[in-house]
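Topology and contacts: notes
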Amino acid sequence: MKIAVGTKNPAKLQAVTLAFEKMGYNATITGVNVPSDVSDQPFSDDETVRGAINRATAALAAGAYDFGIGLEGGVVDTKYGMMLSNWCAIVSPQEPVSLGGGVRMLLPETIAAEVRQGRELGHVIDDWAGRHDVAKGEGTIGILTHGHITRSAMFRDAVICAFSPFALRGDNA
Ligand SMILES: O=P(O)(O)OP(=O)(O)OP(=O)(O)OC[C@H]1O[C@@H](n2cnc3c(O)ncnc32)[C@H](O)[C@@H]1O
């Protein structure tokens, strides 16, 4: 099956590769640069989901693909503090959109405060961890869980969840 992923981010592309390997499908995976059409730092589940759907839809339209996948990272402020929000959207030519979410965790308040002031999480976590391009590597979740859950592993599971309605039909292998 031919799959377009709406990003060139290596952590996200690795997540999709890991998901289809784990599910046992023979998939050709292509990363395509598409806009998310939401803000650079999504600030709610709704906005993060919309970014994922927009990326998936644009990726599917970029060529002759069976599925388009969008992966989007954002944050959600709650009464407990700011949480990571990560969503996978999968679209196909005939089916309604399917969604799968990533695991949640609270951000340290020092990070949350800077994001609330308007800085992108990717920049804040780079400074906080003294690293470069964390968003393309282990991700904030990887830094905060001491590498036990990387961004690729987190998005891998979100992809598997989002793909489950298609896999249930059993005709996509
Ligand atoms: O190249 P693309 O696909 O755009 O990947 P991205 O990581 O830059 O873009 P996202 O839309 O997924 O994330 C939106 C913003 O939140 C940041 N972000 C979200 N989740 C993150 C994570 O786990 N680690 C680091 N930055 C994250 C990211 O750097 C962006 O500033």
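Residues numbered from 1 in each chain as written. Predicted model: local features only at pLDDT ≥ 70, side-chain atom pairs only at ≥ 80, totals over all residues.

Taking an unreviewed UniProt entry as the reference, the protein is identified by name as Probable inosine/xanthosine triphosphatase belonging to Alicyclobacillus dauci. What UniProt records for the protein under Function (unreviewed entry) is the sentence "Phosphatase that hydrolyzes non-canonical purine nucleotides such as XTP and ITP to their respective diphosphate derivatives. Probably excludes non-canonical purines from DNA/RNA precursor pool, thus preventing their incorporation into DNA/RNA and avoiding chromosomal lesions." The protein has a UniProt comment under Sequence similarities (unreviewed entry) that states "Belongs to the YjjX NTPase family." (UniProt positions renumbered as here; feature names shortened; annotations may be inferred.)

1. Here we look at the nonpolar core
Counting residues in each nonpolar core, the largest one holds 44 residues, and the members touching the most others are Ala56, Ile69, Cys88, Ala89, Ile90 and Val159. Look past the residues within four positions of Ala89 in its chain and what remains in contact with it is Val49, Ala52, Ile53, Ala56, Gly70, Val97, Leu99 and Ala162. (Core = buried A, V, L, I, M, F, W, Y, C linked by C-beta atoms within 7 Å. Buried ≥ 20, exposed ≤ 12 C-beta atoms within 10 Å, placed from the backbone. Contact = placed C-beta atoms within 7 Å.)

2. Concerning the sheet that holds strand β2 (residues 28–31)
Taken together, five strands build an open sheet; the order of strands is β2-β1-β3-β4-β5 and the sheet is mixed. Both outer strands of the open sheet, β2 and β5 (98–101), are each paired with one neighbouring strand and no more. Averaged over all neighbouring strand pairs, the angle between strand axes comes to 25 degrees, with direction disregarded. With four bridges connecting them, strand β4 (residues 81–91) and β5 associate as antiparallel partners. Residue pairing across strands places Trp87 opposite Gly101, the latter belonging to β5. Where helix α2 (residues 45–60) meets the sheet, it contacts β1 (2–5), β3 (67–78), β4 and β5, and its direction lies at approximately 165 degrees from that of β3. (Pairing = 2+ DSSP bridges. Helix = DSSP H or I, 4+ residues; strand = E, 2+ residues; numbered from the N terminus. Axes fitted to C-alpha atoms, helices over the stretch in contact; angles between N-to-C directions.)

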